[in-house]
Amino acid sequence: TAFGKTADIKDVARIKEVLDEVRTEFGRIDVLFCNASVARRQPLWDVTPEDYDYLMDINLRGTFFSALNCARIMKEQGFGKIICTTSLLSFVIQKDRGVYAMTKAAAAHMVRSMATEFGPHGITVNGIAPGLTLTDLNRKRFEEMPEELEDMVSHIALGHPATPADFGGIAVLLASDASNHLNGAVIPVDGGESCL
């Protein structure tokens, strides 16, 4: 059984409403996957308060309150699994991606902080850190700037970028009983990009 709900992740009250609606429908929530994210490419010199708030509100604030409100439900159950998408840029920097990288580095620390505080209540919190991934959001840019894509791919040991499907296996692992003792990990899924 499945059903869809919509929410603006910047609206903390709506996040709580959606989680309550899901719990009402199914009686419990066992897994939360925080995957909402936005990016802007710009030098730090050009960042406006509006740019900064947009990235922080979605990539960090929305993720934090989604996880926190869901963890409150999971605490009552004595069990839950929270998975957050961070980024390889949680660990490294790329030009013109400074604020985005800051949000993702903070999200990686959030995973570890929540793992520490929520773990005693049977809740695990882990992160997935994707490397370069071809998506509908960046495909047009790389079609217009193939030399940029070529340069980025040259830093990937496997020699090609990921696709969204490449993260399904790790997400299933983190949501399953096979990862019951994995807590506070931020796992790079980057084709070896972090090795070069």
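Coordinates for the structure precede this section.
Right, let's walk through the structure included here. (Residues numbered from 1 in each chain as written. Predicted model: local features only at pLDDT ≥ 70, side-chain atom pairs only at ≥ 80, totals over all residues. Heavy atoms only, no water.)

### Comments concerning the environment of E150
And then number 1: The topology assignment puts E150 in helix α5 (residues 146-153).
And then number 2: A relative accessible area of 61% places E150 in the exposed class.
And then number 3: Between the C-alpha atoms of E150 and D8, which are 142 residues apart in sequence, the distance is 35 Å. (Helix = DSSP H or I, 4+ residues; strand = E, 2+ residues; numbered from the N terminus. Buried < 20%, exposed > 50% of the residue type's maximum accessible area, 1.4 Å probe, protein only.)

### Quick look at the pairing of strand β1 (residues 31-34)
As a general feature of sheets, a regular strand has side chains that alternate between the two faces.
And then number 1: Alternating residues of β1 divide into L32 and C34, all buried, and V31 and F33, none buried.
And then number 2: Of the pairings in the sheet, the one linking β1 to strand β2 (residues 80-85) comprises four bridges and is parallel in character. Across the sheet, the residue bridging to L32 is I82, located in β2.
And then number 3: Viewed along the sheet, the connection from β1 through helix α2 (residues 49-77) into β2 turns out right-handed. (Pairing = 2+ DSSP bridges. Right-handed = clockwise from strand over helix to strand, strands pointing away.)

### Some points on the packing of helix α1 (residues 12-26) against α2
And then number 1: Running from amino to carboxyl end, α1 crosses α2 at an angle of 35°, the nearest separation of the two axes being 10 Å. Where α1 crosses over α2, the handedness of that crossing is right-handed. Across from V12, I15, K16, L19, D20 and R23 in α1, the residues of α2 making contact are R61, G62, F65, S66, N69, C70, I73 and E76.
And then number 2: Class assignment for the residues of the contact of α1 with α2 results in six nonpolar, three polar and five charged. (Axes fitted to C-alpha atoms, helices over the stretch in contact; angles between N-to-C directions. Left-handed = near helix turned anticlockwise from the far one by under 90°. Contact = heavy atoms within 4.5 Å. Nonpolar A, V, L, I, M, F, W, Y, C, P; charged D, E, K, R; others polar.)

### A few points about the packing of aromatic side chains
And then number 1: For the coordinates displayed, the defined rule picks out two aromatic pairs.
And then number 2: On the numbers, 5.5 Å between centres and 20° between planes, the contact of F3 with F26 is stacked. Residue F3 is found in the segment before α1, and its partner F26 is found in helix α1; the two are separated by 23 residues along the sequence.
And then number 3: Each ring, one from F64 and one from F65, has its centre 4.9 Å from the other, and the planes form 85°; the classification is edge-to-face.
And then number 4: According to the relative accessible area criterion, F64 is partly exposed, its value standing at 31%.
And then number 5: The ring of Y100 has R97 lying over it, and the distance from NZ or CZ to the ring centre is 4.8 Å. (Phe/Tyr/Trp six-rings, centres within 6.5 Å; stacked < 30°, edge-to-face > 60°. Lys NZ or Arg CZ within 6 Å of the ring centre and 35° of its normal.)

### Quick look at the nonpolar core
And then number 1: Within the largest apolar cluster, 28 residues are counted, with the highest numbers of intra-cluster contacts made by L32, M74, I82, M114, F118, I123 and V125.
And then number 2: For this core, the secondary structure elements donating two or more residues are α1, β1, α2, β2, α3 (98-118) and β3 (123-130).
And then number 3: For this core, the leading source of residues is α2, giving eight residues.
And then number 4: When near neighbours in sequence (up to four residues on either side) are disregarded, F118 contacts L68, A71, I82, I123 and V125. (Core = buried A, V, L, I, M, F, W, Y, C linked by side-chain atoms within 4.5 Å.)

### Quick notes on the environment of G192
And then number 1: Relative to the elements of secondary structure, G192 occurs in the segment after β4 (186-189).
And then number 2: Excluding residues within four positions of it along the chain, G192 makes contact with H155 and A157.

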